[in-house]
Amino acid sequence: MEGRARKVSVLIFLFGIFVMLGVILGGWLYSMYTTNIGFTNKATTSALRCGDYSFTVESIAFDPAKKVLSFTITNSLGDRFDSIVVESGQAKHTVNLTELVQADTETVSIPLEIEREVLIYPRGCRENNAKRFSIR
């Protein structure tokens, strides 16, 4: 009788451990799922929105004496956008455009401390739609 009681108590203890592991594993899996779904939805929305912008940057020049970066931006195809971000190293400038619609061109000149590279992208689209230039 005493051996049977011991077996039952061991089985109850092991069952309790099994339930606890199930709860912990279930919580971890749910957390991973919600985190990944949230990231995927955010990344997909950003990629779709930024994919609607198609632009070209031409005639890029840097005047080291005045520390001014100049370029021409053209909305080659797609949605209009009204601002771009020009980034070099730690310096970041937002340039407001006059609603650049398809086939419009605008010349931009901004004071900028240039490092190795310059990134030009529509606001909010750094990861999905940036043009990268090396200035020498």
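Everything quoted here is computed from the prediction, not taken from an experiment.

### A few points about the pattern of salt bridges
All chains considered together, the criterion is met by 4 salt bridges. Of the charged contacts in the structure, one is a salt bridge between E87 and R126, with a shortest N-O distance of 2.8 Å. Of this pair, E87 sits in strand β3 (residues 81-88) while R126 sits in the loop between β6 (117-122) and β7 (131-134), placing them 39 residues apart in sequence. Assessed through its relative accessible area of 9%, E87 is described here as buried. For R132, the salt bridge is made with E117, and the minimal N-O distance between the two is 2.8 Å. In this pair, R132 sits in strand β7 while E117 sits in strand β6, placing the two residues 15 residues apart along the sequence.

### Observations regarding the state of the cysteines
Under the counting rule described, the total for this entry stands at 1 disulfide. Disulfide pairing is shown between C50 and C125; the S-S distance is 2.0 Å. With the S-S dihedral at roughly -85 degrees, the linkage between C50 and C125 falls on the left-handed side. Residue C50 is found in helix α1 (residues 2-50), and its partner C125 is found in the loop between β6 and β7; the two are separated by 75 residues along the sequence. By relative accessible area, C125 is classed as buried at 0%.

### Considering the nonpolar core
Grouped together as the largest cluster of nonpolar side chains are 21 residues, with contacts concentrated most on L69, F71, I73, F81, I84, V86 and I120. Those elements that provide at least two residues to this core are β1 (53-63), β2 (68-78), β3, β4 (91-100), β5 (105-111) and β6. Apart from residues no more than four positions distant in its own chain, F71 is found in contact with V57, E58, S59, I60, I84, V86, E106, T107, V108 and I120.

### Digging into the sheet that holds β5
Pairing is antiparallel across the open sheet formed by 3 strands, whose spatial order is β1-β2-β5. Looking at the sheet topology across the chains shown, the edges are occupied by β1 and β5. Each strand axis lies, on average, 25 degrees off the axis of its neighbour in the sheet, ignoring direction. Of the pairings in the sheet, the one linking β2 to β5 comprises 7 bridges and is antiparallel in character. Looking at the pairing, L69 lines up with I110 of β5.

### Quick look at the packing of aromatic side chains
The full count for this structure, using the stated rule, is 0 aromatic pairs. Between K131 and the ring centre of F55, over which it is positioned, the NZ or CZ distance is 4.7 Å.

What counts and what doesn't
- Residues numbered from 1 in each chain as written.
- Predicted model: local features only at pLDDT ≥ 70, side-chain atom pairs only at ≥ 80, totals over all residues.
- Heavy atoms only, no water.
- Salt bridge = Lys/Arg side-chain N within 4 Å of Asp/Glu carboxyl O.
- Helix = DSSP H or I, 4+ residues; strand = E, 2+ residues; numbered from the N terminus.
- Buried < 20%, exposed > 50% of the residue type's maximum accessible area, 1.4 Å probe, protein only.
- Disulfide = S-S within 2.5 Å.
- Core = buried A, V, L, I, M, F, W, Y, C linked by side-chain atoms within 4.5 Å.
- Contact = heavy atoms within 4.5 Å.
- Pairing = 2+ DSSP bridges.
- Axes fitted to C-alpha atoms, helices over the stretch in contact; angles between N-to-C directions.
- Phe/Tyr/Trp six-rings, centres within 6.5 Å; stacked < 30°, edge-to-face > 60°.
- Lys NZ or Arg CZ within 6 Å of the ring centre and 35° of its normal.

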